[in-house]
Amino acid sequence: MTRKPDIIVINPDQMRSDSLHHLGNLASHTPNLDALADEGVSFSNAFCQNPVCVPSRCSFMTGKYPHTNGHRTMSYLLRQGEDNLYRILKNNGYYVWTSGRGDCLAGQQTKWLKECTDEIYNKCGKNAKDEGRGEKGEKRYLSFYRGEITNTADDGICHDNDYVWTKGCEDLIRKAKTDKPIFAFLGLNNPHPPYHAEKRFLDLIDESKIPPAKAPSKPEDKKPSMQYELCEALGIGDWEDENKLALRKTYLAQCARVDDFAGRIIQALKDTGRYDNAAIFFFADHGDFTADYGIPEKAQNLFDDCLVKVPLIVKMPKYMQTDSGINSNPVELIDFFATVLDITETEAGHTHFGRSLKDTIADRNVVVRDFVCSEGGRLQGEEHCTEEVENYFGVVADEYAPRINIQQKSGPQHTKAVMIRSRDYKYIMRLYETDEFYDLSKGEERNEIDNPEYAEIINKMRSELLCWFLETCDSVPKDKDARFPDDFYLGTVNAMAGVKVSPIIKGVMKLTRNDFSSLINKAIKLLKIDTNGFYNKK
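Remember, predicted model here, so these are calculated numbers, not experimental data.

### Overview of the overall build of the chain
Move 1: From N to C terminus, the chain includes 18 helices and 17 strands.
Move 2: A total of 538 residues make up the chain; the buried ones form 55% of that total.
Move 3: When contacts within the chain are restricted to residue pairs at least 6 apart in sequence, long-range pairs at least 24 apart make up 73% of them.
Move 4: For the chain, the accessible surface area stands at approximately 24000 Å², while carbon and sulfur atoms represent 50% of it.

Spelled out as C-alpha cells, the structure:
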C-alpha cells in the first residue's frame, strides 16, 4: 500500500435492515449489496442513534450521541468548530466529496462548509412524475404512496437527484488522481418516501414473497401515544391488504434502485483499479414503517426495529483481514466514525464514543458492544425543537402536516425517550408517558413493562442506561485554551522582569510561530526571573 485507503460511503435515506435479500427478505432484489456482503461483512444487528436523518448524520459523523451536544433536531446541524469526519479526513490529506444529501453541516456557514469539504456536489436532476396522491379526502392522500414513476429516460430510469449524484460520484472516482486518497459520501434520497419507483425496478420485486405489514396496535398493547395518533391521522390503518402490499412492493423497488446505484459505484472502483485499496461503507441513516402498525414514514421518538435497525455493510481494503459474511454482533452507526479513524490512522480532536469495528470484521467472535442505544423527542416547552409544517421553499407539506401537528401538541406525544436494546430485550424510557419493554423473542407488538416476570431485567437495563448516560453526557475537545488573554501574561512577565520585554516576545512569536505559553516560559528561564519570589513578595 503506497497511500491511505479510499473511503467510499453510500448512505441511502430511510432504508430498513430487512429490505436486504441476504438478510432474509426473499421478495427484495439487492444483488450488488448481497455480493458486497459476501466479500465484506454485513452487520445484521446495526442500529442508528436517532430515527430521523439530521440527528442521525450528526451522530455518525462525529462519534457522539445526539444528547451529547444537543444535535437531536432537524434544524441544529454541525456548526463552526464542531469536529467531524469530513474535516478530520480533509486535514489528513483526503479529497473530501459529498453529494447534496449529506446534510449534517450547517448550511448557512459557507466558510465552514469549505473548511470541511473540497467539493459539495449540488447538481440537481429531474423531479419524478408519478401516479400522484389522489384527491384530498381519499385514503391514499396522506399515505406518501405515489405508485409508478412515469417520466423515465431510455434506460428506464428517472434521471433525478439520486441518479445525478451517483453519476457525479462515479466521475469523481474515474477522474481522481491516483496518489491522493478519496473520501466520498454519496447520500441518496431513496428509499425515503414518497413511495414511488420506475417499472424497471417494480418488475424486480416478487410480491408473493413480501412479508405482510404488522397490524395497527390496540389500546391493550400499551404503545406510545405518538404511534396511535399517527395511525389515526394518516389513514392507512384500515387499508385493504392489497393496498399495503402495493406500498411495500414500491418501497422494495426503491431499495432495488439503491442497489443498482451502489453497483455503479462499485464498478467504477473496479474499473479504475481503486477497489482493492478502498473501504466501502453502505448504511442507512434510519428505517421506515412501510405500513407496519398502519403507519407510513417514521417518527422521531419511536424505536421499533423497522425504524432503528439499519443495513450496515463494510468491505475493507484487500490487505486487511475480513471474516466475511453476516455478523450478528450488536453495533451502532457511531462505530462507523471510529472504524474510519482506525483504518486511516487518524485521530479525532474530541472525546467520542464510537468503537472501531476493525477487530470484529476480522473475527466475528470479537464482541464490540453488549447493547445499543437510540434516542429522540423533545422536552415540553422546546418549541424550537419541533419541525415546521412549511418546508424550506415555503410550500405547505401536506403529507407531513399530520405528524408535525401531533409533534407540536403540549401532551406526551413528542416526549423525549431513549432506547437500550440487547440481543434479547428492548427497554425504552419515556419522560412523559409509560415506558416500554419487549422480550424480542415474542416480538414488539405488546408492551410488557408491567409484567412482573421481567422486573429484574427491566431494573438491570435501567441501571445500564444510567451508566451509559453518565459515560456519554459530554465530550471534551483535546485542544486546550489559555486561561487569560495574551496581554495579561505579557504584563505579568514585564512586572517580574522589571523591564518591558513583551515586544521581544511578540516579535519572536511572530517570526517563529511558536506556542505563546512556551515562549513565555522560555523568556522566564532566559531572564532568570524568580517567579516564586515574585509571587511570594506580592
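That shown, we press on.
### What about helix H11 (residues 334-344)?
Move 1: The element H11 is largely enclosed, with a buried count of ten among its eleven residues.
Move 2: On its buried face, H11 is in contact with strand E1 (6-12), helix H2 (53-60), helix H4 (85-90), strand E9 (278-283), strand E13 (331-332) and helix H12 (358-362).
Move 3: Positive backbone phi, approximately 55 degrees, marks Glu345, located one or two places after H11.

### Quick look at the sheet that holds strand E12 (residues 325-327)
Move 1: Strand order in the open sheet formed by eight strands is E5-E4-E7-E1-E9-E11-E2-E12, with mixed pairing between adjacent strands. A single partner strand is all that each edge strand has here, and the edge strands are strand E5 (119-121) and E12. Averaged over all adjacent pairs, the angle separating strand axes in this sheet is 15 degrees, with direction ignored.
Move 2: As defined by bridge partners, strand E2 (residues 41-43) adjoins strand E11 (residues 312-315) across two bridges and the pair is classed as antiparallel. Paired with Val41 across the bridge in E11 is Val314.
Move 3: Taken strand by strand, H11 contacts E1 and E9, and its axis lies near 175 degrees from that of E9.

### Digging into the sheet that holds strand E10 (residues 309-310)
Move 1: On the basis of which strands lie adjacent, the open sheet formed by three strands has the order E10-E3-E13 and mixed pairing. Edge positions in the open sheet fall to E10 and E13, since each of these has one partner strand only.
Move 2: Pairing of strand E3 (residues 46-47) with E13 involves two bridges; the strand directions are parallel. Its bridge partner lying in E13, Ala46 is registered against Val331.

### Re the pairing of strand E15 (residues 417-421)
Move 1: Among the five residues that make up E15, five are buried, leaving the element largely enclosed by the rest of the structure.
Move 2: Where burial is concerned, the two faces of E15 agree: the one with Ala417, Met419 and Arg421 and the one with Val418 and Ile420 are both buried.
Move 3: Here five bridges tie strand E14 (residues 372-376) to E15, and the two strands are oriented antiparallel to one another. Of the residues in E15, the one forming a bridge with Ser374 is Met419.
Move 4: Here E15 runs beside strand E16 (residues 425-430); their pairing, made up of five bridges, is antiparallel. Bridging across to E16, Ile420 finds its partner in Tyr427.

Scoring rules and cut-offs
- Residues numbered from 1 in each chain as written.
- Predicted model: local features only at pLDDT ≥ 70, side-chain atom pairs only at ≥ 80, totals over all residues.
- Heavy atoms only, no water.
- Helix = DSSP H or I, 4+ residues; strand = E, 2+ residues; numbered from the N terminus.
- Buried < 20%, exposed > 50% of the residue type's maximum accessible area, 1.4 Å probe, protein only.
- Contact = heavy atoms within 4.5 Å.
- Areas by Shrake-Rupley, 256 points an atom, 1.4 Å probe, with all protein chains shown as cover.
- Pairing = 2+ DSSP bridges.
- Axes fitted to C-alpha atoms, helices over the stretch in contact; angles between N-to-C directions.

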